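These are the residues of each chain, in order.
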Amino acid sequence: MSEPVDPTTTPAWARLTALHESLQPDLRGWFAADPSRAKSFSFTAGDLYVDLSKNLINADILSALVDLADQVGLVARRDAMLSGEHINVTEDRAVLHTALRIPKGSSLVVDGTDVIPEVHKVLGKVYAFADKVRSGEWVGVTGKPMTTVVNIGIGGSDLGPVMVYEALQPYVQPGLRARFVSNIDPTDVAEKTKDLDPETTLFIVASKTFTTLETLTNARLARSWLLEALRESGAIEAGEEAASAAVAKHFVAVSTALDKVAAFGIDPENAFGFWDWVGGRYSVDSAIGTSVAVAIGPANFADFLAGFHAIDRHFAETELASNVPALMGLLNVWYVNFFKARSHAVLPYAQFLHRFAAYLQQLTMESNGKGVRYDGSPVTTETGEVFWGEPGTNGQHAFYQLIHQGTQLIPADFIAVANPAHPLVDGDNDVHELFLANFFAQTAALAFGKTADEVRAEGTAEAIVPARVFPGNRPTTSIMAPALTPSVVGQLIALYEHITFTQGVVWGIDSFDQWGVELGKQLALQVTPAVGGDEEALGKQDPSTQSLISYYRAQRN
Ligand code: F6P
């Protein structure tokens, strides 16, 4: 594998530095001077229409960013990823989430195995299972069909499935619902099971490694809840045999570690596998999406995968100058490294995408929140901005103040669809149109602002003119699609996967490991005895941790 190129040593970086130094952001002026600006900087990828024209760019900047991508070897690295090279060097793994959505009949040989037939074999098993649950053929231990599927997982084994389940609510089969338990806070599992009927509840334990403390603890709690409730109601007898029969009907698992699934007591027949070349945060399109496949059905899940694949093809085949994920990733580099932006807002004007920002936080920050490059050397630039957001218009009434008038530059992605799931009217008003008017108005307000003279012209008292000025030149990208279909949701996810990849390539980091989550996990195991009253273990903690634990022990009833 070639060494990472230090982006700051490239001619393109020097050019971008000069362009940044001489840049006087003036979106008003730029749009006035160039009536074709919107057209020139708008692109399509699959069903996505992406308008980059309200960014702080001109043709020279965009072309220098594309040069930067060329000079750091984005294309070679992309192709290495797509062909199954072990670009996840610290874990010595291929990175092949894109293989999960390659259509049947294709071939991709990785480490001596054609992975595509494997992918479709597992998909077939997931689809057959989903059909059985949906049709009522899969029955619980007392012979009743399932009404609730509870996914137990965390991180990539939760955030993707819950986000997509929420996004695709109109596609969920009536009478079936999914719930998602992730936190080891016992409140989570307790609250999410308290009103469920154990006879009609199916748990999906989703864990790539099947070692994750939160997931295994919650899975054991769920098993106890199920067995206790079934015994209490007389639905099953006491004893191990009855318990195993109940678990077989009410628990399935998704994991790369099928041996560990069996050790947990779940029949491997009821387990769906995947592979170590699928990163947790890139896994919603693997068997980790089983809860989604059950809820929306195999045909919709297949459309979802086709959406990913459309953007994969776009990323793989489109020249960089009009390659949407590459351009969006490069724009993020432009803002992080040249404007010193520390965060990036993602603002879906689609209530069904209310978990999208949470999902993206793991995708982007677990991927690019790193200080060393893939050869172990320190990074040479800032990396890993904070991603955050809430659906519009709620965000408008909360934090948009800071985006409009605060002292930090916060690039923002606005996402909307043309056709609502619920086309409601309020008197003469189509409510979706009111909603989208806000989307369009906000991006215009951020771009063009409001000058002091415009404020004065409204008769504003001079003393408060400064407070009512909007500086403008706040960059936004607008992403629109016809409707929030399974395919479009897949397209949006793949878009951000490849944006994240592009940024990681420029910064020279391995976007597919996550060593930064390990230390806290190790320490939690070490601290647990101290929390439980072991004085010797308590004595080994630092003074702050000792006093916190002592406070806890004194307060706990
Ligand atoms: O702690 C982080 C992490 O390793 C994520 O990368 C992963 O998505 C999550 O934990 C859950 O891991 P698993 O699917 O193995 O339970």
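Before going into details, it helps to say that this report is about the structure given with it. None of these values were measured; they are calculated from a predicted model. (Residues numbered from 1 in each chain as written. Predicted model: local features only at pLDDT ≥ 70, side-chain atom pairs only at ≥ 80, totals over all residues. Heavy atoms only, no water.)

1. Here's the deal with the packing of aromatic side chains
Two numbers describe a pair of aromatic rings. These are the distance of the centres and the angle of the planes. Taken as a whole, this structure holds 28 aromatic pairs when the rule is applied. Arranged with centres 5.0 Å apart and planes meeting at 90 degrees, the rings of F129 and W138 form a pair that is edge-to-face. Between the aromatic rings of F210 and F264, the centroid separation amounts to 6.0 Å while the plane-to-plane angle is 80 degrees, which identifies the pairing as edge-to-face. Remark: F264 occurs in helix α11 (residues 258–264) and F210 occurs in the loop between β7 (201–206) and α9 (213–232); sequence separation between them is 54 residues. Each member of the pair, F210 as well as F264, carries the same accessibility label: buried. Counting every residue linked through ring pairs, the aromatic cluster contains Y349, W388, F399, Y400, F414, F435, F439 and F440. (Phe/Tyr/Trp six-rings, centres within 6.5 Å; stacked < 30°, edge-to-face > 60°. Helix = DSSP H or I, 4+ residues; strand = E, 2+ residues; numbered from the N terminus. Buried < 20%, exposed > 50% of the residue type's maximum accessible area, 1.4 Å probe, protein only.)

2. A closer look at the packing of helix α4 (residues 59–72) against helix α14 (residues 324–338)
Helix packing for two helices is described by the angle between their axes and how far apart those axes are. Contact pair α4 / α14: the axes reach a minimum separation of 10 Å and the direction vectors enclose 100 degrees. As the angle between them shows, α4 and α14 are arranged roughly perpendicular. Touching I61, L62, L65, V66, L68 and A69 of α4 are L327, L330, L331, V333 and W334, all from α14. (Axes fitted to C-alpha atoms, helices over the stretch in contact; angles between N-to-C directions. Parallel < 35°, antiparallel > 145°, perpendicular 65-115°, else oblique. Contact = heavy atoms within 4.5 Å.)

3. Points about the site of the ligand
By nearness alone, 14 residues border the ligand, and S157, S207, K208, T209 and T212 come closest of all. At 2.7 Å from an oxygen atom of the ligand is found a main-chain nitrogen or oxygen belonging to G156. Contact distances for the ligand include 3.1 Å between an oxygen atom and a side-chain N or O atom of Q362. Here the ligand has 400 Å² of accessible area as a free molecule, and 87% of this is covered by the chains. (Near = heavy atom within 4 Å. Polar contact = N/O pair within 3.5 Å; in protein donor to acceptor, adjacent residues only side chain to side chain. Areas by Shrake-Rupley, 256 points an atom, 1.4 Å probe, with all protein chains shown as cover.)

4. Focus on the pattern of salt bridges
Applying the stated criterion across every chain, the model contains 21 salt bridges. Taking the shortest distance from any N to any O, the salt bridge between R313 and E317 comes out at 2.5 Å. Separated by four residues within a single helix, R313 and E317 lie in helix α13 (residues 298–317), roughly one turn from each other. On the accessibility criterion, R313 (35% relative accessible area) is partly exposed. Classification of E317 as exposed rests on a relative accessible area of 55%. Between K370 and D513 there is a salt bridge, and its shortest N-O distance comes to 2.8 Å. Remark: D513 occurs in the loop between α20 (486–507) and α21 (518–531) and K370 occurs in the loop between α15 (356–368) and β11 (386–388); sequence separation between them is 143 residues. Salt bridges sharing common partners tie together R101, D285, D312 and E497. (Salt bridge = Lys/Arg side-chain N within 4 Å of Asp/Glu carboxyl O.)

5. Comments concerning the environment of I288
Within the secondary structure layout, I288 lies in the loop between β9 (271–273) and α12 (290–296). Residue I288 is classed as buried on the basis of its relative accessible area, which comes to 1%. Residues I288 and S207 lie 81 residues apart in sequence; the distance between their C-alpha atoms is 7.8 Å.

6. Considerations on the nonpolar core
When a protein is soluble and globular, its nonpolar side chains tend to lie buried together. Counting 129 residues, the largest nonpolar core has W277, W334, F356 and Y496 as its most contacted members. Counting residues per element, this core draws most heavily on α20, at 12 residues. In this structure F356 touches M163, V346, P348, I415, L492 and Y496, once residues within four positions along its chain are discounted. Residues V150, V205, F264 and I266 belong to the second largest nonpolar core, which totals 27 residues. (Core = buried A, V, L, I, M, F, W, Y, C linked by side-chain atoms within 4.5 Å.)

7. Notes on helix α5 (residues 74–82)
Within α5, the full set of buried residues consists of L74, R77, R78, A80 and M81. Take α5 and look down its axis: the buried residues cluster within an arc of 160 degrees, on one side only. Of the surrounding elements, those touching the buried residues of α5 are α4, α13, α14 and α20. With its phi angle positive at about 90 degrees, G84 sits one or two positions after the end of α5. (Arc of directions from axis to C-beta.)

8. Quick look at the sheet that holds strand β10 (residues 343–349)
Strand order in the open sheet made by the six strands is β1-β2-β15-β12-β10-β11, with mixed pairing throughout. Unpaired on one side and paired on the other, β1 (42–45) and β11 mark the two borders of the sheet. The average angle at which neighbouring strand axes cross in this sheet is 20 degrees, direction not considered. One ladder, built from three bridges, connects β10 with β11; its direction is parallel. (Pairing = 2+ DSSP bridges.)

9. Here's the deal with helix α7 (residues 159–167)
Of all nine residues making up α7, eight are buried, and the element is well covered by its neighbours. For α7, every residue scored as buried is listed here: L159, G160, P161, V162, M163, V164, Y165 and A167. Residues of α7 that are buried in the fold lie against β6 (177–181), α12, α13, α15 and α20.

All quantities given are derived from atomic positions and should not be read as evidence of function.
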